[in-house]
Amino acid sequence: MAGGKYSLVPTDVPKVATRYRRIQTALPVPESLTVLESLYRYEPRSMQGQPPIVWDRAEGCQVYDAYGNCWLDWSSGVLIANAGHGRPAMVEGICALARKPLLTTYCFPHAGRAELVRRLAEYAPDGLDKVFLLSTGSEAVECCIKLARTWARRDGDSRKNVIVSFQNAFHGRTLGSQLAGGMEKLKDWIEPRDPSFVQVPFPDGYKNSETDFDVFERSLCEQGVEFDRVAAVLSETYQGVGPDFMPPDYARALRRWCDRYGALLIWDEVQAGFGRTGTFWGFEHYGAAVPDLIACGKGISGALPLSAVIGRTPIMDQYPPGSMTSTHSANPLSVACALASLDIIEKEKLVEKAASNGRVLKTGLEGIQATWPDVLGCVHSVGMVAGIQVVKPGTREPNPNLALRINEACFRKGLLMFAPVGVAGECIKISPPLPTPLEAIEEGLAVLDEACRQVI
Ligand code: PMP
């Protein structure tokens, strides 16, 4: 069986039995190989990037296979399960709609849709009063690009069409979202390039030490972009490969710059939203840098496919009835799931919990990094999202192989993380569901430490 990054040869591993983890078979499980082989046979190779566990059920902060094993989940899928996996209220919400039955409505109204758009508008900053529901994060980003470019030409200036985004950014895999992405290796299929998509350095302070806002203008000048041609600046609130935040001063300067040149500010909150960073929105870390448009996804529903664009009314209302729609916009089951997930986030104060447990996660990860500073380049950790940059000894050069070996060692010990393969394989990305108990966070830290001890 060729191809995947993880070995599919079942290997005996030490048994584990704790409150949160249970490993009692060889891994991958020999009986699961038929499923894995079928996937390898019928899916494109691009789908082979994750640890070879066949998910059977997932509850709270744990993922189970059908063979008696259980992993402590540090992936939330891919930052989806903010409210925790398989929460009964979410399951009930979905089942109630399914039993009615009401499985789809296209753009015909349904009550849940009305409730969800109202609630999302209430969560958004003042002035961002309209919500358009879609299915994927990429779709939400594409929609923001379209809205911004249409808005920019409202007075007939078709030259105002530049979308500025950031180097190393990830906004999805569709054409527009990838044009706005800042990872060159993911874009070589797009030739010729559209010159109206421009990237500038992201001021993360580690990969790029220049964090002054001057760099933004300088980079645009170097690329020959006239400032008043910029329709919008689009950025992930934090870049997923870090997670890397901008300095708040930079973000605020960016907001002022957008106001000065009549450009929209778009935050891609697909990863950062819905409590992940210990604030409801990620951009709350930036104070006054309030966006004109927000792209949401992942944690918005906590499970089923759903995304959204939230924005200012005049921008959102540009198109006449029937001309900005999507087949699965506000699918009733996804909406029911999102409403229940939002209730859980509120009732269980998961935003606050992410902030407080996040402090423990950060301290623990910093301790691990300090033990192997030569190869664990740096730790960024905010709320329930963290990343460790794995590097070649004593350099800042990425070391995806070592990152993969640490990830695989954790997998064998019952700690599950997704591998950000093909995007930034050198980053050990950590994103537990927000309700994860503190003792489980501490247990995960001990497992990661053990895995590093073993591999490094
Ligand atoms: N934006 C960001 C910041 C993301 O992390 C992702 C997905 N990883 C996307 C957009 C694309 O979302 P989707 O995969 O749902 O299209």
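Residues numbered from 1 in each chain as written. Predicted model: local features only at pLDDT ≥ 70, side-chain atom pairs only at ≥ 80, totals over all residues. Heavy atoms only, no water.

## Considerations on the sheet that holds strand 18 (residues 427-430)
Here is the rule we go by: Strands pair, by our definition, only if DSSP identifies at least two bridges between them. Strands are runs of DSSP state E lasting at least 2 residues, helices are runs of H or I lasting at least 4, and numbering of each runs from the N terminus. Between N-to-C directions, angles span 0 to 180 degrees; the directions come from axes that are lines fitted to C-alpha atoms, helices contributing only their stretch in contact. In this analysis, two residues are considered to be in contact whenever any of their non-hydrogen atoms come within 4.5 Å of each other.
Taken in spatial order, the three strands make up an open sheet running 15-16-18, and their pairing is antiparallel. Strand pairing shows two members of the sheet lacking a second neighbour, strand 15 (376-382) and strand 18, which therefore form its edges. For this sheet, the mean inter-axis angle between neighbouring strands, taken without regard to orientation, is 10°. Sitting on the sheet, helix 11 (residues 350-371) touches strand 15, strand 16 (385-390) and strand 18, and the angle it makes with strand 15 is about 175°.

## Re the domain arrangement of the chain
For the record, the criterion: Domain start and end points were adopted from an automatic or database domain assignment. Here's the idea: put two parts together, see how much 1.4 Å probe accessible area each one loses, and the total over both is what we call buried area. Salt bridge, as used here, is a side-chain nitrogen of Lys or Arg placed within 4 Å of a carboxyl oxygen of Asp or Glu. Any N or O atom pair separated by 3.5 Å or less is treated as a polar contact, with the protein-specific requirement of one donor-capable and one acceptor-capable atom, and with residues adjacent in sequence counted only for side-chain atom pairs. Under the grouping applied here, Gly and all other residues not named as nonpolar or charged are polar, the nonpolar ones being Ala, Val, Leu, Ile, Met, Phe, Trp, Tyr, Cys and Pro and the charged ones Asp, Glu, Lys and Arg.
Split into domains, the chain comes out as domain 1 (16-83 + 349-455) and domain 2 (88-347). Spacing between the C-alpha centres of domain 1 and domain 2 amounts to 26 Å. On the domain 2 side, the residues contacting the 34 residues of domain 1 number 34 residues. Taken together, the two surfaces of domain 1 and domain 2 that pack against each other cover about 2,600 Å², and 57% of this comes from carbon and sulfur. The tally of links from domain 1 across to domain 2 stands at zero salt bridges. Inspection of the domain 1/domain 2 interface yields 18 residue pairs in polar contact (both at pLDDT 80 or more). Among the secondary structure elements, those contributing two or more residues to the side of domain 1 that touches domain 2 are helix 2 (76-79), helix 11, strand 15, strand 16 and strand 18. Residues belonging to the side of domain 1 that touches domain 2 are distributed by class as follows: 22 nonpolar, nine polar and three charged.

## Quick look at helix 8 (residues 248-261)
Cut-off, in case you're wondering: Helix span is expected to be 1.5 Å times the residue number reduced by one. A 1.4 Å probe rolled over the protein chains alone gives each residue an accessible area, and that area as a share of the maximum for its type sets the label: buried under 20%, exposed over 50%, partly exposed in between.
With 14 residues, helix 8 ought to run about 20 Å at 1.5 Å a step, and its terminal C-alpha atoms sit 20 Å apart, in line with that. When we look at burial in helix 8, the residues that qualify are Tyr250, Ala251, Ala253, Leu254, Arg255, Trp257, Cys258 and Tyr261. On its buried face, helix 8 sits against strand 7 (162-166), helix 7 (214-222), strand 9 (230-236) and strand 12 (264-268). Immediately downstream of helix 8, the backbone of Gly262 shows phi near 65°, a positive value.

## Considering the side chain of Gln62
The residue Gln62 is located in strand 4 (residues 62-64) in this model. Overall, Gln62 belongs to the buried group, its relative accessible area being 13%. A polar side-chain atom of Gln62 sits 3.3 Å from the main-chain carbonyl oxygen of Arg19. For Gln62, the residues in contact, after removing those within four places along its chain, are Arg19, Tyr20, Arg57, Cys70, Trp71, Asp73 and His85.

## Comments concerning unusual backbone geometry
Note the cis peptide between Leu27 and Pro28, where omega equals -10°. Of note in this structure, Asn168 is not a glycine but carries a positive phi near 70°. Tracing the chain through its elements places Asn168 in the loop between strand 7 and helix 6 (175-180). Unlike most non-glycine residues, Phe274 shows phi in positive territory, near 65°. Tracing the backbone through its elements, the reader meets Phe274 in the loop between strand 12 and strand 13 (293-296). Taking the relative accessible area as the measure of exposure, Phe274 reaches 0% and is therefore buried.

## So, the pairing of strand 9
Counting buried residues along strand 9, seven of its seven residues qualify, which places the element largely inside the surrounding structure. Pairing geometry for strand 7 and strand 9, over three bridges, is parallel. When the bridges of strand 9 are listed, Val162 appears paired with Val230. Both strand 9 and strand 12 contribute to a ladder of five bridges, which runs parallel. Among the inter-strand pairings, Leu234 is bridged to a residue of strand 12, identified as Ile266.

## Here's the deal with the pattern of salt bridges
Evaluated as defined, the whole model comprises 24 salt bridges. Note that Glu122 is salt-bridged to Arg118, the shortest N-O span being 3.1 Å. Of this pair, Glu122 and Arg118 both sit in helix 4 (residues 111-123), four residues apart, which is roughly one turn of that helix. Using a relative accessible area of 55% as the deciding quantity, one classes Glu122 as exposed. Assessed through its relative accessible area of 41%, Arg118 is described here as partly exposed. The salt bridge involving Glu184 is made with Arg193; its shortest N-O contact spans 3.2 Å. Exposure remark for Arg193: the relative accessible area of 29% places this residue in the partly exposed category.

## Points about the layout of surface pockets
Just so we agree on the cut-off: Using a grid of 1 Å spacing that covers the protein atoms alone, one calls a set of points a cavity when a 1.4 Å probe fits there but cannot get out, and a pocket when the set is open and has protein on both sides within 12 Å along at least five of seven lines; lining residues are those with an atom within 4 Å of a point. Grid points are joined across faces, edges and corners, and a volume is the space filled by probe spheres set on the points.
Volume-wise, the second largest pocket comes out at about 470 Å³. Secondary-structure elements contributing two or more residues to the lining of the second largest pocket are helix 4 and strand 6 (130-134). Top contributing element to the lining of the second largest pocket by residue count: strand 6, with four residues. Here the residues of the lining of the second largest pocket are counted per class, giving 12 nonpolar, five polar and four charged.

## So, the sheet that holds strand 9
With respect to topology, seven strands assemble into an open sheet ordered 6-14-13-12-9-7-8, the strand pairing being mixed. The sheet terminates laterally at strand 6 and strand 8 (197-200), the two strands that pair on one side only. The sheet shows a mean angle of 20° between the axes of neighbouring strands, direction not considered. In the packing of helix 4 onto the sheet, contacts are made with strand 6 and strand 14 (307-311), and the angle to strand 6 comes to roughly 125°.

## Brief notes about the packing of aromatic side chains
Test applied: By convention, a stacked pair of Phe, Tyr or Trp rings (six-membered ring in the case of Trp) has centres within 6.5 Å and planes under 30 degrees apart, an edge-to-face pair has planes over 60 apart, and any other such pair is tilted. By definition, being over a ring means that NZ of Lys or CZ of Arg is both within 6 Å of the ring centre and within 35 degrees of the ring normal.
Scanning all chains against the criterion turns up 19 aromatic pairs. Positioned over the ring face of Tyr64 is Arg57, at 3.8 Å from the centre of the ring. Cation over ring: Lys146 sits above Tyr319, and NZ or CZ is 5.3 Å from the ring centre.

## With respect to the packing of helix 4 against helix 10 (residues 332-347)
Heads up, the rule is: Under this scheme an angle from 65 to 115 degrees is roughly perpendicular, one under 35 degrees roughly parallel, and one over 145 degrees roughly antiparallel; angles in between are oblique. Rotating anticlockwise by less than a right angle from the far helix to the near helix defines a left-handed crossing, while the corresponding clockwise rotation defines a right-handed one.
Close contact between helix 4 and helix 10 brings their axes to 9 Å; oriented N to C, the two are set at 40°. As summarised for this structure, helix 4 and helix 10 are arranged oblique, according to the angle between their axes. Crossing of helix 4 against helix 10: the hand is left-handed. Residues Gly112, Arg113, Glu115, Leu116, Arg119, Leu120 and Tyr123 of helix 4 lie in contact with helix 10, whose contacting residues are Val335, Ala338, Leu339, Leu342, Asp343 and Glu346. A per-class count over the contact of helix 4 with helix 10 returns seven nonpolar, one polar and five charged.

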